[in-house]
Amino acid sequence: MKILVINCGSSSLKYQVIDAVTEELLAKGLCERIGIDGSFTYENVKAGLGKEKCDVDIPDHNKGISLVIEAVTDPVKGVTTLEEIGAVGHRIVHGGEAFTSSVLINDEVIAAIESVSDLAPLHNPANLIGVRACQDLMPGTPQVAVFDTAFHQTMPSKAYMYALPLEYYNKYKVRRYGFHGTSHSFVSKKVAEVVGKPYEEIKTIVCHLGNGASISAVKNGKCVDTSMGLTPLEGLIMGTRSGDLDPAIVEFIAGKENMTAAQVVSVLNKKSGVQALSNNLSSDFRDLEAGYKAGNEYAKLAVDAFCYRVAKYVGAYAAAMNGVDVIAFTAGIGENSPFVREKILAYLGYLGVDYCEERNKQRGDVVKISKDDSKVAVYAIATNEELAIARETYALVK
Ligand code: ADP
């Protein structure tokens, strides 16, 4: 059986075809600028044919999905037949409190996803457009929803409640949800496998450091805390997002700059983070690292502030779990930047972290960075959210 994995945004759609049994990636690609002009990229990974990109009018997501189906089932360039696609796994950003695990999609599930859309207004409606397009074009094929928030639903109330009037929780479900759950789940399970301990008996801190960044504490197989909150704005400093700050700043800046609260929050999401701290040098850590090494003081500030925030969260989560066995770095920065990892690890000697500079420079899907006798083991582990979605999907339909 083949699984089609769909990650549908408002104007883009990423997809992969994965063999459910061998877990081999067969094909991948994306539709971009849907509803604007459109471009479609397809890659037959199995045959190693390389990327093919074409400009093609993509007025809506139905057209996008039909291009995907045509490409992956093409008798020459394709990798499957329509009949072989046993299920479609959809990434859904927000499941609210309704979803603690992945589910088969039916009308009730769609209604529940819609009902929490105001918690993720940019994402959930777009995700559902992808679901509906697949239902239209592949009516007999089961569709599965895999939520970014589900893995974090095991958090205790002391971790997810904000100290606000309770009515905001009761009326609007204002609480910490957390995101990147598929990645935190995938990486924490991989950690247990790699160190050869039962998942239920290990304390792991997962640092998902990408353009969006979050950190989680996973104790005995359950997420007990995570840094993103009601929305993906809270927590770590990110590419363009501020992460944690004094909430009074919103009103203060709004008054000074004659802006609405919504406008300030938009600045916090889109014009802040390392992009802002680096004096708009870049939101990309490759540029920041180069700037840092060339002596750019703002690049240094951005990188130092980013690493300091991560280190503070690691300390907090070690306290939350009364210890930590493994710290795992993942996502674009976590997997690829020895420079950033080293700056974070330099804070953590007090925890018993002893890392090896040479190991830290190595690359691979699983890289051990700590010395063998380090009290806390440290790894860089490649995340694979699409494979995690395919696994969840297969588990529900097989
Ligand atoms: P997202 O999925 O949130 O868009 P990714 O996990 O793909 O983010 O991470 C993207 C980020 O990873 C880039 O913006 C860049 O900062 C960082 N990155 C990628 N490759 C490298 C590298 N070789 N060195 C340092 N940082 C890198």
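This structure is a prediction, so every number in the text was calculated from the model and none was measured.

S.K.: Give a detailed account of the environment of His152, specifying residues and quantitative values.
M.R.: Inspection of the secondary structure assignment puts His152 in the loop between strand S8 (143-147) and helix H4 (157-160). Take His152: its relative accessible area is 0%, and that puts it in the buried class. Considered as a pair, His152 and Val218 are 66 residues apart in the sequence and their alpha carbons are 9.3 Å apart. Residues within four places of His152 in sequence aside, it is in contact with Tyr177, Gly178, Phe179, His180, Gly181, His184, Ser216, Cys223 and Thr226.

S.K.: Mind laying out the site of the ligand, listing which residues take part and the relevant values?
M.R.: Around the ligand lies a shell formed by Gly210, Asn211, Gly212, Asp284, Phe285, Arg286, Ala331, Gly332, Ile333, Asn336 and Ser337. One of the backbone nitrogen or oxygen atoms of Asn211 is found 3.0 Å away from an oxygen atom of the ligand. When the free accessible area of the ligand is taken as 580 Å², the share hidden by the protein chains comes to 68%. At the level of elements, helix H10 (285-293) and helix H12 (331-336) are the ones that each hand at least two residues to the shell around the ligand. The greatest single-element share of the shell around the ligand, amounting to four residues, is contributed by H12. Its residues assigned to classes, the shell around the ligand comprises three nonpolar, six polar and two charged.

S.K.: I'd like a rundown of the nonpolar core, residues and numbers included.
M.R.: Within the largest apolar cluster, 46 residues are counted, with the highest numbers of intra-cluster contacts made by Leu209, Phe306 and Ile327. Those elements that place two or more of their residues in this core are strand S9 (203-209), strand S10 (213-219), H10, helix H11 (297-320), strand S12 (326-330), helix H13 (338-345) and strand S14 (377-381). Sorting elements by how many residues they give to this core places H11 first, with ten residues. With residues near it in sequence (within four places) discarded, Phe306 still touches Leu209, Ile237, Val274, Phe285, Ile333 and Val340. In this structure, Ala87, Val191, Ile202 and Val218 belong to the second largest nonpolar core, which totals 31 residues.

S.K.: Pulling in residues and values, what's your account of the pattern of salt bridges?
M.R.: It is possible for side chains of opposite charge to pair when their charged atoms get near one another. Within the structure shown, the criterion is met by 20 salt bridges. Look at the salt bridges and you will find they share partners, linking Glu97, Lys173 and Arg175 into a network.

S.K.: Got a sec to walk through the sheet that holds S8? Specific residues and values, please.
M.R.: Taken together, eight strands build an open sheet; the order of strands is S5-S4-S3-S2-S1-S6-S8-S7 and the sheet is mixed. This sheet does not close on itself; its edge strands, each paired only once, are strand S5 (51-55) and strand S7 (103-104). Note: strand S3 (residues 25-32) against strand S4 (residues 39-44), six bridges, orientation antiparallel. For Leu30, the partnering residue across the bridge sits in S4 and is Thr41. Running over the sheet, helix H1 (residues 61-72) touches strand S1 (2-8), strand S2 (13-19), S3, S4 and strand S6 (85-92) and is turned about 30 degrees from S2.

S.K.: Account for the packing of aromatic side chains, naming residues and giving values.
M.R.: One pass over the full model with this rule turns up seven aromatic pairs. Across from the ring centre of Tyr169, 4.5 Å away, lies the NZ or CZ of Lys173, which sits over that ring. It is Arg175 that lies over the ring of Tyr160; its NZ or CZ is 3.6 Å from the centre.

S.K.: Quick one: what's the story with the packing of helix H2 (residues 107-115) against helix H3 (residues 124-137), residue by residue and with numbers?
M.R.: In the contact formed by H2 and H3, the axes pass within 10 Å of each other and the chain directions differ by 160 degrees. By the criterion of interaxial angle, the relationship of H2 to H3 is roughly antiparallel. Here H2 runs over H3; the crossing is left-handed. Counting all contacts with H2, which are made through Ile110, Ile113 and Glu114, the residues of H3 involved are Asn124, Leu128, Val131, Arg132 and Gln135. Counted by class, the contact of H2 with H3 contains four nonpolar, two polar and two charged residues.

Reading guide: rules and limits
- Residues numbered from 1 in each chain as written.
- Predicted model: local features only at pLDDT ≥ 70, side-chain atom pairs only at ≥ 80, totals over all residues.
- Heavy atoms only, no water.
- Helix = DSSP H or I, 4+ residues; strand = E, 2+ residues; numbered from the N terminus.
- Buried < 20%, exposed > 50% of the residue type's maximum accessible area, 1.4 Å probe, protein only.
- Contact = heavy atoms within 4.5 Å.
- Near = heavy atom within 4 Å.
- Polar contact = N/O pair within 3.5 Å; in protein donor to acceptor, adjacent residues only side chain to side chain.
- Areas by Shrake-Rupley, 256 points an atom, 1.4 Å probe, with all protein chains shown as cover.
- Nonpolar A, V, L, I, M, F, W, Y, C, P; charged D, E, K, R; others polar.
- Core = buried A, V, L, I, M, F, W, Y, C linked by side-chain atoms within 4.5 Å.
- Salt bridge = Lys/Arg side-chain N within 4 Å of Asp/Glu carboxyl O.
- Pairing = 2+ DSSP bridges.
- Axes fitted to C-alpha atoms, helices over the stretch in contact; angles between N-to-C directions.
- Phe/Tyr/Trp six-rings, centres within 6.5 Å; stacked < 30°, edge-to-face > 60°.
- Lys NZ or Arg CZ within 6 Å of the ring centre and 35° of its normal.
- Parallel < 35°, antiparallel > 145°, perpendicular 65-115°, else oblique.
- Left-handed = near helix turned anticlockwise from the far one by under 90°.

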